[in-house]
Amino acid sequence: GDSVTQMEGPVTLSEEAFLTINCTYTATGYPSLFWYVQYPGEGLQLLLKATKADDKGSNKGFEATYRKETTSFHLEKGSVQVSDSAVYFCALSDKGGSEKLVFGKGTKLTVNP
Amino acid sequence: KAGVTQTPRYLIKTRGQQVTLSCSPISGHRSVSWYQQTPGQGLQFLFEYFSETQRNKGNFPGRFSGRQFSNSRSEMNVSTLELGDSALYLCASSLEGANVLTFGAGSRLTVL
């Protein structure tokens, strides 16, 4: 079945450091790919998405590019802030008429001032 | 525009009891999904409803059930609770075909 593998962390960075969280996927078709973020005590929020190969999703300084050849969707940000501290989830949807998401295990990011 | 509302936010039950969780989707959203989040298993899909019909179901025992009403509100029920059912239960709604889920804050269930 479909699956998502992401680096589990935790990841600790200093403010203004560069962030990369790796995500790779296994899927039979051509899924849509997502990054969701979860702040303490809250539900998940969509951060960005890409629906086809070579698409780049971006939001709030975060970016991820859908790479079909490496089945990857790595999350990057050039300069992290303390407010970016959260858990980040990579996910896929197989677009087969269902809204079901398959999630990675999540990566906890802590940014220190 | 109101978000996805889940009630109750916190609850404590004992083994063997049952629990019902409620989810009110964003107005106009007819698709509702449920996920279980635990430290060990992460986020796991429970089920998805669209127009009162279960469209998809995850790999959970029959003790987990759900339903959707004509106003798109959804409930999930867990019977004969086990300690391992302690989790954050997340509900999400979406517009049909939009492929973007909006999540509620979750219902945190503790089973003692």
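All figures in this text were calculated on a predicted structure; none of them were measured in a lab. Residue positions within a chain follow its written sequence, with the count starting from 1. Lettering of chains starts at A and numbering of ligands starts at 1, both following the order in which they are written. Restriction of local features to residues with pLDDT of at least 70 applies here, the model being predicted, together with a cutoff of 80 or more for giving and counting side-chain atom pairs; totals for whole chains, interfaces and linings are based on all residues. As a rule here, side-chain values cover all heavy atoms of the structure and leave hydrogens and water aside.

## Some remarks on the sheet that holds strand β9 (residues 75–77) of chain A
Residue and element names in this part refer to chain A. When DSSP finds two or more bridges between two strands, those strands count as paired. Under the scheme used here, helices are H or I runs from DSSP no shorter than 4 residues and strands are E runs no shorter than 2 residues, and both carry numbers assigned from the N terminus. Sheet architecture is open: 4 strands sit in the order β3-β9-β8-β7, paired in antiparallel fashion. The outermost strands of the open sheet, each flanked by one partner alone, are β3 (19–21) and β7 (56–59). Put simply, the sheet's adjacent strands are angled 15° from each other on average, direction ignored. Bridge analysis of strand β8 (residues 62–65) against β9 gives 2 bridges, and the strand direction is antiparallel. For Glu-63, the partnering residue across the bridge sits in β9 and is Glu-76. The angle between two axes is taken between their N-to-C directions and runs from 0 to 180 degrees, where each axis is a line fitted to C-alpha atoms and a helix contributes only its stretch in contact.

## Topic: the pattern of salt bridges
In the sections that follow, a salt bridge refers to a side-chain nitrogen of Lys or Arg positioned within 4 Å of a carboxyl oxygen of Asp or Glu. What the rule picks out here adds up to 8 salt bridges over all chains. Where A:Lys52 meets A:Asp55, a salt bridge forms, and the shortest distance between an N and an O atom there is 3.3 Å. Taken together, the salt bridges that share partners define one network made up of B:Arg63, B:Glu82 and B:Asp85.

## What to know about the interface of chain A and chain B
Each partner contributes residues to the interface: chain A has 20 residues there, and chain B has 26 residues. Accessible area, probed at 1.4 Å, shrinks when two parts are joined; the buried area is that loss added up over both. Taking both sides of the interface into account, the surface hidden between chain A and chain B amounts to around 1,700 Å²; carbon and sulfur atoms contribute 48%. On inspection of chain A and its partner chain B, the count reaches 0 salt bridges. Definition of a polar contact: a pair of N or O atoms within 3.5 Å, with one able to donate and the other able to accept a hydrogen when the atoms are protein atoms, and with sequence-neighbouring residues admitted only if both atoms are side-chain atoms. Linking chain A to chain B there are 5 residue pairs in polar contact (both at pLDDT 80 or more). Those elements that provide at least two residues to the side of chain A that touches chain B are β5 (32–38), β6 (44–50) and β10 (86–93) of chain A. In terms of residue count, β5(A) provides more of the side of chain A that touches chain B than any other element does, 4 residues in total. Residues are sorted three ways: Asp, Glu, Lys and Arg are charged, Ala, Val, Leu, Ile, Met, Phe, Trp, Tyr, Cys and Pro are nonpolar, and all the rest, Gly among them, are polar. Here the side of chain A that touches chain B is built from residues that sort into 7 nonpolar, 7 polar and 6 charged. The contact rule is simple, with two residues in contact once any of their heavy atoms fall within 4.5 Å.

These values are about where atoms sit, not about what they do.
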